[in-house]
Amino acid sequence: MKILQNYLYSKFISLLHITQIRTKIIFLGAITLTLLSIISVNNYNRYRLTENLCTLNMKNISKILTISNAIQEIQRERGISYTQHLSSLNNKESLSIQRNSTDAALYKLFQLNQNDIETEKYLSTLRDSIDNKRISSEEILSQYIIIVSSLLEEISNINTIPFQGMEQLSTIEVKKIFFAKEKLGLLRTLISLKLHDKNALDGKKAEIKYLYYQYNTIIDEVIQSNNVEIADLLKKFTQLETSKKTFNFVEESIRSENLILDPSKWFSISTQTIDDLQATCAQALLISSDTLNNSATQAIRDSLFFLFFNIAISIIIAFFVITIVYSVYFPLEKITNFINEATQNDFNCSLDFHSRNEFGIIAKNINKLIIDVKTLLTEKDFIAYHDSLTGIYNRHKFIEEFNKELKRSDRHNHNIAFAIMDIDKFKHINDEYGHNIGDLVLKTLADVIKENIRETDCFARWGGEEFVLLLPETEQKGAIALAEKIRNAVEKKNFNLASNVTISIGVSTYKKGEALESIYSRADKALYASKEQGRNRVTFNFDD
């Protein structure tokens, strides 16, 4: 029994290997969703980074423009302060107005960067020195140059950060224009002074020439750069009428000592040129800003697209994983549990699972296998516990049933009777009619006895022509009566032989505490007595 169960269980275990599928499905789904989650998080971080970079770059461009405006106002103030100091002019009103404009520009700059408060303090000290005439004209010029240079350096340190997948947005050309504007501002100051006092700039002609050379060099570099839009803006600037007048006069001041031009007119024309150059810088920054916005917008769109795409794919995969797990995992779980249950319950169950898919086919075949197994087990039990000739219990099964009844009798104090039946002269039947007829006699005898006993009685073939009968809850008198009934039925039965077939019976009853060997021994002695007394009779034996 146990060997067969183990064999069948091993066959069922082969089906359990399918359950590895569920683990693989869950693992694959988890890995896929994890990867998509990581990608989605990266895309979200890229989106936030792009957004932050866009904000930072826009602030930087705004800061560059604010610093540029402050530089322009400081340059104007420098020109007025320097010229008035050298020429002994006293136009406090124009200087005061310019200083207010400078302060307003510096205040906007201070709102963006509080570190620029040092520039304002430095400028305030310089103004006080100028007003109290504690500083020379050369020092005035150099101090203003220091202020402007510090602001230009601040612009140089401001860089836009490229977006992933985008070319780096360059503001180098715009920064160069700011440096060119400073050169132009210095030219305005020096030439204004020359117009006021021809002797004031002895030895400065070479400086004017060098400043103009630096200016042209910077402008040429920007025009020849790869930044076509800014180069075009600068070309348009050089073609302006005021620009032509300004640079023609600069060239004339380099060639000639006798300049004929009203100082205020020169200051006005050169200032207009500087303002135009400042406007060109603003337009260049606007172009940079537009390029930056377009790049940022595209980068944000790409990031959002991939983010939502990954989220959509994650949802779809999650749906399919859940669907597959539901359609695969739970059927496999049910089949697995059923197989474990079936092996524990000797296969006395069936798998209640109906589907048209592969699992339905598996369930159908498992149920068919269960039926086959139950048939095999039934046949195995029948072969193990029944006599192959007569179909009644064999000795092994009889002993098993006897021991059960023995325990029940001891527990409930019931009587048990025991009988041994043996065919008279059975060897003669085999010798005269052959073993086939002898086998037929045995089967017919077993049928006759079964017809005359109760359902609760246990009837078995002990071996050869000897049969045993266990009579639960039966005392001596009832056992003898039943034995006589059986003997009489056998005697009257037509076995289609020349003479009747008879049996001898020995009967005994159970004594509490005794074993099968003891009660069998007494019944066997009674049987022997029946044989000695002429056969075809019933004998009872109670004592040893």
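Residues numbered from 1 in each chain as written. Predicted model: local features only at pLDDT ≥ 70, side-chain atom pairs only at ≥ 80, totals over all residues. Heavy atoms only, no water.

Any chance you could explain the pairing of strand β2 (residues 458–463) here in plain terms?
Where burial is concerned, most of β2 is hidden: five out of the six residues are buried. Of the strand pairs in this sheet, β2 and strand β3 (residues 466–472) are connected by five bridges, and their pairing is antiparallel. If you follow Ala-460 over to β3, its bridge partner there is Val-468. Where β2 folds back onto β3 in an antiparallel hairpin, the turn is made up of two residues, including Gly-464, whose phi is positive at roughly 60°. (Buried < 20%, exposed > 50% of the residue type's maximum accessible area, 1.4 Å probe, protein only. Helix = DSSP H or I, 4+ residues; strand = E, 2+ residues; numbered from the N terminus. Pairing = 2+ DSSP bridges.)

What is the right way to look at the confidence of the model for the protein in this model?
Any region with low pLDDT has predicted coordinates that should not be read closely. Averaged over all residues, the pLDDT of the protein equals 80, while 84% of them reach at least 70. Here residues 165–169 scores under 50 on pLDDT; set against residues more than four positions off or in separate chains, the count is nine contacts. (pLDDT = per-residue confidence, 0-100. Contact = heavy atoms within 4.5 Å.)

What exactly am I supposed to notice about the sheet that holds β2 here?
Strand pairs in the sheet, formed through backbone hydrogen bonds, run parallel or antiparallel to each other. With mixed pairing, five strands are arranged side by side in an open sheet as β2-β3-β1-β4-β5. Of all strands in the sheet, those bounded by a partner on one side alone are β2 and β5 (538–540). Looking at each pair of strands side by side, their axes are set apart by 20° on average, direction ignored. Each of β1 (416–423), β3, β4 (503–509) and β5 is contacted by helix α15 (residues 476–492), which is oriented at about 170° to β4, the strand it contacts most. (Axes fitted to C-alpha atoms, helices over the stretch in contact; angles between N-to-C directions.)

Sorry if this is basic, but what is going on with the packing of aromatic side chains here?
Scanning all chains against the criterion turns up 11 aromatic pairs. Taking the centre distance of 4.9 Å and the plane angle of 25° together, the rings of Tyr-215 and Phe-247 count as stacked. Here Tyr-215, found in helix α7 (residues 205–223), pairs with Phe-247, found in helix α9 (residues 241–255); they are 32 residues apart in sequence, far enough to count as distant. Its relative accessible area of 10% is what places Phe-247 among the buried residues. Ring centres 6.4 Å apart and planes at 25° place the aromatic pair Phe-398 and Phe-402 in the stacked group. Here Phe-402 and Phe-398 lie together in helix α12 (residues 395–412), a separation of four residues that amounts to about one turn. The same class applies to Phe-398 and to Phe-402, which are both buried. Of the aromatic side chains, those joined through ring pairs into one cluster are Phe-398, Phe-402, Phe-418, Trp-462 and Tyr-520. The side chain of Lys-397 reaches across the aromatic face of Tyr-385, ending 4.5 Å from its centre. Above the face of the Tyr-393 ring, Lys-397 is positioned so that its terminal group lies 5.7 Å from the ring centre. (Phe/Tyr/Trp six-rings, centres within 6.5 Å; stacked < 30°, edge-to-face > 60°. Lys NZ or Arg CZ within 6 Å of the ring centre and 35° of its normal.)

Mind showing me how you'd approach the pattern of salt bridges here?
Oppositely charged side chains may form a pair once their charged atoms are brought near each other. Under the criterion given, the structure shown has 25 salt bridges. For Lys-397, the salt bridge goes to Glu-400, with nearest N and O atoms at 3.4 Å. Here the residue Lys-397 and the residue Glu-400 both occupy positions in helix α12, the gap between them amounting to three residues, near one helical turn. Assessed through its relative accessible area of 26%, Glu-400 is described here as partly exposed. What emerges from the salt-bridge pattern is a single network uniting Glu-77, Arg-99, Asp-103, Arg-127 and Asp-131. (Salt bridge = Lys/Arg side-chain N within 4 Å of Asp/Glu carboxyl O.)

What exactly am I supposed to notice about the packing of α7 against α9 here?
The angle between the axes and the distance between the axes are what describe a pair of packed helices. Running from amino to carboxyl end, α7 crosses α9 at an angle of 145°, the nearest separation of the two axes being 9 Å. Remark: the crossing between α7 and α9 carries left-handed chirality. On α9, the residues that touch Lys-205, Ile-208, Lys-209, Tyr-212 and Tyr-215 of α7 are Phe-247, Val-250, Glu-251, Ser-253, Ile-254 and Arg-255. Looking at the contact of α7 with α9 residue by residue, the class counts come to six nonpolar, one polar and four charged. (Left-handed = near helix turned anticlockwise from the far one by under 90°. Nonpolar A, V, L, I, M, F, W, Y, C, P; charged D, E, K, R; others polar.)

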